[in-house]
Amino acid sequence: MTAAAVTTAQEAAQATGAGATTSPGQSVLAPTSEAGLAEAVRDASGPLRPMGGGTRNIGRPVAAQILSVAGVSGIVRHDPGALTLVARAGTPLEEIEATLASAGQRLPFEPLDHRALLATEGVPTIGGVVATNASGPRRVQAGACRDSLIGVRFVDGAGRIVKNGGRVMKNVTGYDLVKLMAGSFGTLGVLTEVSFKVLPAPDARATLSISGLSEPQAIDALSEALGSPYDVTGAAHRSGGANGSDGRTLVRIEGLAASVAYRAERLVAELGRFGPVELLDDRDASDAIWRDIRDVREFAGRDGDVWRLSVRPSEAAALAAHLGDLPRLFDWGGGLIWVLATPGTDLRAQLGSFRGHATLVRADVETRERLPVFQPEPGPLAALATRLRASFDPRAVLNPGLMTAPGPAGT
Amino acid sequence: MQMPAPDATVLARRETIVTRLSEVLPAEAVISDLAETRAFECDALTAYRCPPLAVALPSTTQEVAAVLKICHEERVPVVPRGSGTSLAGGALPTADSVVLGVSKMTDVLEVNTADRIIRVQAGRTNLSVTGAVEGEDFFYAPDPSSQLACAIAGNIGMNSGGAHCLKYGVTTNNLLGVTMVMMDGTVVEIGGAHLDAPGLDLLGVICGSEGQLGVVTEATLRILRKPEGARPVLMGFDTAEVAGACVADIIEAGVLPVAIEFMDRPCIRVSEDFAHAGYPDCEALLIVEVEGSRAEIDEQIGLIRQLSQRHNPVAFRESASDAESALIWKGRKAAFGAIGRISDYMCLDGTIPVSELPMVLRRIGELSDEYGLDVANVFHAGDGNLHPLILFDANKEGDLEICEELGAEILKLCVEAGGCLTGEHGVGVEKRDLMQTQFAPEDLEAQLTVKDAFDPRWLLNPAKVFPLSVSATRREQAA
């Protein structure tokens, strides 16, 4: 037995909101330190499923013992004058956001909260945000989670504690494993500590809205806004009903009050050729709109699988035309399309080949076992990924198969 | 600085190798004459030189693939080279290597302002990427000082930064996709004009890998609409500590300037003598640049003025015209050249947490006294990326060695302060032997396994990044 505390699966599920892959009576490892976590990984005799709050149950189902990181928690350092924050991986996202807010700062990349969409409960942790590279509407202006992430500590599959990057925002010392760890879904290592570049949270924000645009028109309007000098921080389009008549095209700006007023005025004028532009300058109302887009609220609680398409914005409307009546939401100026699809169907087959990729974010276990959750990659890249996984996790104990396609290669 | 002994079996097969390269490249694209290979014996770190076995200058991805396939079969080390502007010896050849230069690959392949991307061949220079889109009022954000000459290939290799990355990020934040040739000649496409990776973020680890994982031949880069305007202010302070406190205040107040540059007295004096920018006579100088419309700029500068008053600046000069803006920047941009006029110098590149600025500057001053060499400081204060310039006399016996020792001490100081050895220049050979001061064996091992996965024979850009003792076993096994 290791130094890690062991609880029953039910206790852990209550504490972590664990997903469907735990079976009753299965023990959960819940170390409270990085050293304990490393020991738990070293001692593992079978697959482990690293888990923060258990709110982002994405990927091919893995039968594994849960390794909770929630006990490795706490903000290590917040240096407001240097725009940096360091926290242990199990720290609740809420705690980080509150600490930053008290200094008038925020995480630049607007991490999405998957709970409504995936019908999970639990406390989202910063480690889970990084492991899934969870990035919201501000991705178009401030970059993704991986762009704000400047340092990591993690335990690899052999139980070795590794650090990379640091707590400075310019650092090219050695290979950048920080980016590699972001979005690796706990398959290369178990994150124990993460460092971020943070940004001032602006006082004012406003949202511009145009109603009734077709998808091609909407993407054009968003491209025009994003290609303007007015520093747009959100560009989304809700398609509305089948004919798009009640659709809304949304553009966000943030900053110092006078500047937001000025830029809003200019954008209202420039986007006017697409249709009447409504300006919403109440910051709370604006925030609510973008929170819903960020969390893909409109698909929460609705039947159907949820797919996420990452595409070139100028090809988004043509691709969406292949979706028929399926409900969808465009973010990132059209570069990200959320689709509510018929349960169990292979959306990739329906769309044919396109430039970009598709991820099956929400579906039942059977579907996620049958269809690749992540886009299968061409041979040489898949081989590279396999070699990297073997290097970082030589015994294949960390979420084995979670990111790979069903079949011999992934098992 | 030590380099591994050249592989005698490769040297012995020189003619065969050159012949094979000539079969896949046009005659003028293979250089093997010693007089001509000398042009490639070093990069901008001129202290170290070694002519390569041969130089290949392909024009297409297919030609790059053909060259790498041959070198892989012949087990010849390959040194990828952009424009050769590395300050860290990132493109330093070994005697048994083929230098693979991408300088002929300069085409613009696609510009799409609706998607806000440009796709270029990787030999294109940084500034000419902006040149290709500025007619449409767009620009490419990373702006290393060498941007007139440096190639995108090298920018990707070193994850280059620049003066404006406080707002716009560095290369990795502006790179969306690459075409890369693996050491065995396999061509892979990673990323594209979309914003995220389908699986593992391979692009993230390729950027900044110093040409050791593959040879990037094409790149898709994010371009941005130019701001309506930009304006710098110049502030002078009595001490570096006060200037540092002012930087922290500006950042904490929520103003996000696009650049905050710092110069200390030795640097101010030399730059002023050279550029006549009208810099004040003081201990520390800040140049802070903000962007936006005229009204937005006024608002931000008003706030900066208000914040700076708390720190009793000895000078506060706000630009009122493009000419005045250019003058404010002139001294800063001329700083390296101005110092080069009066002395040989070594440029360091450590980064520290901004809050440690006063302590680190004080310690650098003490170390400078201890070693008897002057140090001038000019750096990007917003992100803590220091560029201490150590002045020495290359003709004086032993001076270079003292300079290198002092440099190593300063970089160790940066690491101890919570920072790193290099913020934007890369490790190359220059900082290679200091890596163990920043990384534990497990940290380096994890990086080495990435190299194993991409280049199992360890042929790409040999003897860079990792201390030779750390990579010895792997290199021997691969051979």
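Calculation criteria
- Here the residue index of a chain counts from 1 through its sequence in written order.
- Whichever chain is written first becomes A and whichever ligand is written first becomes 1, with later ones labelled in order.
- It should be noted that, the model being predicted, local features are given only for residues of pLDDT at least 70 and side-chain atom pairs only at 80 or more, the latter also being counted only at that level, while totals for whole chains, interfaces and linings use all residues.
- Heavy atoms throughout the structure, all of them, feed into the side-chain values; hydrogens and water do not.
- Here, a strand pair is defined by DSSP locating no fewer than two bridges between the strands.
- Here a strand is any run of E in DSSP of at least two residues, a helix any run of H or I of at least four, and the numbering for each starts at the N terminus.
- Contact criterion: two residues are considered in contact whenever any of their non-hydrogen atoms come within 4.5 Å of each other.
- As annotated, the domain borders come from an automatic or database domain assignment.
- Take the accessible area each of two parts loses on contact, using a 1.4 Å probe, and add the two losses: that sum is the buried area.
- Each reported salt bridge corresponds to a side-chain nitrogen of Lys or Arg within 4 Å of a carboxyl oxygen of Asp or Glu.
- Note on terminology: a nonpolar core comprises buried Ala, Val, Leu, Ile, Met, Phe, Trp, Tyr and Cys residues joined through side-chain atoms within 4.5 Å.
- When a residue's accessible area, from a 1.4 Å probe over protein chains only, is under 20% of the maximum for its type it is buried; when over 50% it is exposed; and in between it is partly exposed.

1. Some points on the pairing of strand β9 (residues 187–191) of chain B
Within a regular strand, the side chains alternate between the two sheet faces.
All names here are of chain B.
1) Next: Relative to β9, strand β8 (residues 175–181) is paired through five bridges, and the arrangement is antiparallel. Bridge assignment links Val-178 to a residue of β9, and that residue is Ile-190.
2) Next: Following β8, the chain reverses through five residues before pairing antiparallel with β9; Gly-185 in that reversal takes a positive phi of roughly 95°.

2. Structural notes on unusual backbone geometry
All names here are of chain B.
1) Next: Phi at Asn-312 takes a positive value of approximately 45°, unusual for a residue other than glycine.
2) Next: Turning to its location among the elements, Asn-312 is positioned in the loop between α11 (294–309) and β15 (315–318).
3) Next: One non-glycine residue, Asn-461, adopts positive backbone phi at about 40°.
4) Next: With respect to the helices and strands, Asn-461 occurs in the loop between α17 (441–454) and α18 (468–478).

3. Considering the environment of Asp-349 of chain B
Residues and elements named next belong to chain B.
1) Next: Within the secondary structure layout, Asp-349 lies in the loop between β16 (344–347) and α14 (357–371).
2) Next: Expressed as a C-alpha distance, the spacing of Asp-349 and Cys-414, which sit 65 residues apart in the sequence, is 9.6 Å.
3) Next: With sequence-adjacent residues up to four places away left out, Asp-349 is seen in contact with Asn-385, Leu-386, His-387, Leu-411, Leu-421, Thr-422, Gly-423, Glu-424, His-425, Gly-426 and Lys-431.

4. Description of the domain arrangement of chain A
Residues and elements named next belong to chain A.
1) Next: According to the domain assignment, chain A contains domain 1 (5–68), domain 2 (75–200), domain 3 (204–294) and domain 4 (297–370).
2) Next: Averaged C-alpha coordinates put domain 2 and domain 3 at centres separated by 28 Å.
3) Next: On the side of domain 3, 10 residues touch domain 2, which itself brings 10 residues to the contact.
4) Next: A per-residue breakdown of the area domain 2 buries against domain 3 is headed by Pro-137, Val-140 and Gln-141, which together make up 52% of the total.
5) Next: Across the contact surface, domain 2 and domain 3 share three salt bridges.

5. A few points about the nonpolar core
1) Next: Counting 215 residues, the largest nonpolar core has Phe-196 and Trp-338 of chain A together with Leu-286, Val-450 and Phe-454 of chain B as the members making the most contacts within it.
2) Next: At eight residues, helix α15 (residues 399–416) of chain B tops the list of elements feeding residues into this core.
3) Next: Discounting chain neighbours no more than four positions away, the residues touching Phe-454 of chain B are Leu-384 and Leu-388 of chain A together with Met-180, Met-182, Leu-202, Val-205, Ile-206 and Leu-213 of chain B.

6. What to know about the domain arrangement of chain B
Residue and element names in this part refer to chain B.
1) Next: Splitting chain B by domain gives domain 1 (8–101), domain 2 (108–225), domain 3 (230–336), domain 4 (344–416) and domain 5 (432–478).
2) Next: On a C-alpha basis, the centres of domain 2 and domain 5 stand 25 Å from each other.
3) Next: In this complex, domain 2 contributes 12 residues to the contact, which on the side of domain 5 involves 10 residues.
4) Next: Sorting the residues of domain 2 by area buried against domain 5 places Met-183, Gln-212 and Leu-213 first, and these three jointly supply 61% of that buried surface.
5) Next: Our count for the contact surface shared by domain 2 and domain 5 stands at zero salt bridges.

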